[in-house]
Amino acid sequence: MRLASCEDLTRGAWHNTPWLMPEYGDTWLNDMILAPDGHVYLSYSYREGATVEEARAKPMDHYIARLHPDATAQVFKTGLEHLASTRLFVSSTGRWFLLARYAGQPVLRLWALAQPDFRPSREYSLPGTEVLEGYVIHTLRPERFGGQADGDTVHLYAASFHPREDNPNVRENRFWHVAFELPTE
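Now for a quick tour of the structure. (Residues numbered from 1 in each chain as written. Predicted model: local features only at pLDDT ≥ 70, side-chain atom pairs only at ≥ 80, totals over all residues. Heavy atoms only, no water.)

**A word on the overall build of the chain**
In plain terms, the rule: Under the scheme used here, helices are H or I runs from DSSP no shorter than 4 residues and strands are E runs no shorter than 2 residues, and both carry numbers assigned from the N terminus. Any two residues whose heavy atoms approach within 4.5 Å are treated as being in contact. For the area figures, the Shrake-Rupley method with a 1.4 Å probe applies, and any residue is considered shielded solely by the protein chains shown. Within this scheme the basic residues Lys and Arg register as positive and the acidic residues Asp and Glu register as negative, but His and the chain ends are omitted. Each charge is placed at NZ for Lys, CZ for Arg, CG for Asp and CD for Glu.
Each helix and strand in the chain was counted, giving one helix and 13 strands. Secondary structure elements of the chain, listed N to C terminal, follow the sequence β-β-β-β-α-β-β-β-β-β-β-β-β-β. Expressed along its principal axes, the backbone C-alpha trace of the chain runs to roughly 55 × 45 × 40 Å. For the chain, restricting intrachain contacts to residue pairs at least 6 apart in sequence, the fraction spanning at least 24 positions comes to 40%. As presented, the chain carries roughly 10900 Å² of accessible surface, and 53% of it is formed by carbon and sulfur atoms. With 18 positive and 24 negative side-chain charges, the chain shows a separation of 2 Å between the mean positions of the two kinds.

**Considering the nonpolar core**
Side chains that are nonpolar tend, in soluble globular proteins, to be buried together. Inclusion rule: Here, the term nonpolar core denotes a set of buried Ala, Val, Leu, Ile, Met, Phe, Trp, Tyr and Cys residues that are joined through side-chain atoms within 4.5 Å. Each residue is placed in one exposure class: buried if its accessible area under a 1.4 Å probe, protein chains only, is under 20% of its type's maximum, exposed if it is over 50%, and partly exposed if it falls in between.
By size, the foremost hydrophobic cluster in this structure holds 15 residues, and its most contacted members are Phe89, Leu99, Leu110, Leu156, Phe180 and Leu182. Of all elements in the fold, only β8 (96-102), β9 (108-114), β10 (119-126), β12 (153-163) and β13 (171-181) reach the threshold of two or more residues within this core. Excluding residues within four positions of it along the chain, phenylalanine 180 makes contact with Leu99, Leu110, Leu126, Asp152, Thr153, Val154 and Leu156. Counting residues in hydrophobic clusters, the runner-up holds 14 residues, among them Tyr41, Ile64, Trp96 and Trp111.

**With respect to the packing of aromatic side chains**
Rules: Any two rings among Phe, Tyr and Trp, with Trp reduced to its six-membered ring, count as a pair given centres within 6.5 Å; such a pair is stacked if its planes are under 30 degrees apart, edge-to-face if over 60, and tilted if neither.
Inspection of every chain in the model, using the stated rule, returns eight aromatic pairs. Note on tryptophan 96 and phenylalanine 118: the rings are 5.0 Å apart at their centroids and 90° apart in plane angle, and the pair reads as edge-to-face. Taken together, the residues span a long stretch of sequence, with tryptophan 96 in strand β8 and phenylalanine 118 in the loop between β9 and β10 at a distance of 22 residues. Across this residue pair, the class does not change: tryptophan 96 and phenylalanine 118 are buried. Grouping aromatic residues by their ring pairs yields a cluster made of Trp19, Tyr44, Tyr46 and Tyr63.

**Here we look at the sheet that holds strand β3 (residues 24-34)**
As a reminder, the rule being used: Pairing between strands is defined by DSSP: at least two bridges between them are needed. Each axis is a line fitted through C-alpha atoms, and for a helix only the stretch in contact is used; angles between axes span 0 to 180 degrees, taken between their N-to-C directions.
The four strands are arranged β3-β4-β5-β6 in an open sheet whose pairing can be described as antiparallel. Pairing within the sheet leaves two strands with one partner each, and these edge strands are β3 and β6 (73-81). With direction set aside, neighbouring strand axes in the sheet form an average angle of 25°. In the sheet, strand β4 (residues 40-49) pairs with strand β5 (residues 61-67) via seven bridges, with the strands oriented antiparallel. By the bridge assignment for β5, valine 40 is matched with leucine 67.

**What to know about the side chain of histidine 62**
Note the following rule: Polar contact is the term for a pair of N or O atoms within 3.5 Å; when the atoms are in protein, one must be able to donate a hydrogen and the other to accept it, and sequence-neighboring residues count only if both atoms are side-chain atoms.
With respect to the secondary-structure elements, histidine 62 resides in strand β5. Judged by relative accessible area, which is 0%, histidine 62 ranks as buried. One polar contact links histidine 62 to threonine 78, side chain to side chain, over a distance of 3.1 Å. In this view, histidine 62 contacts Ser43, Tyr44, Ser45, Phe76, Lys77, Thr78, Gly79, Leu80, Leu83, Thr86 and Leu98; residues no more than four positions away in its chain are not counted.

**Remarks on the environment of methionine 60**
Locating methionine 60 in the fold gives a position in the loop between α1 (52-56) and β5. Residue class for methionine 60 comes out buried when judged on its relative accessible area of 1%. For methionine 60 and glutamate 48, which are twelve residues apart along the polypeptide, the C-alpha to C-alpha distance reads 9.0 Å. Excluding its chain neighbours within four sequence positions, the residues that come into contact with methionine 60 are Asp26, Trp28, Ser45, Tyr46, Arg47, Leu80, Glu81 and His82.

Spatial relationships are all this shows, so hold off on functional conclusions.
Shown next as structure tokens:
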């Protein structure tokens, strides 16, 4: 993976920096947000090795990277492994949270992240979120589209496709919405 930046996307010099460039490895990009501090943060899982076998023998460690305008990154290892569908949230009081599920597990979890190193300080289970079956879980963030944020309420939705009971040759869409409040304690 490379990081690239430019003052103006249509003209001017691009700064291109090699970043995650192992001999062999896996990278799962999950979420990117513009945080209240003005930095862009990336949530991802990663492993690397000198050979394919060495890389695959390692766990998929989770990281959060603070991306800088000069195409550099400050990387924080959260200490969590084998996460899927990670999403970052910052509460109205400035507390950081990571939403994810352990790979292969249906129920989402929420971690409060201690600052400044993004280490989990508390874990919450979110029963009812197993309805969000798909790999892609969309985060409704109105502030990204010019709307107003919904306070500390997190909205997630996903779609799944199933054969109709009366006609297995026809698939129907099912849309799921889950909402919960970020912890205030």
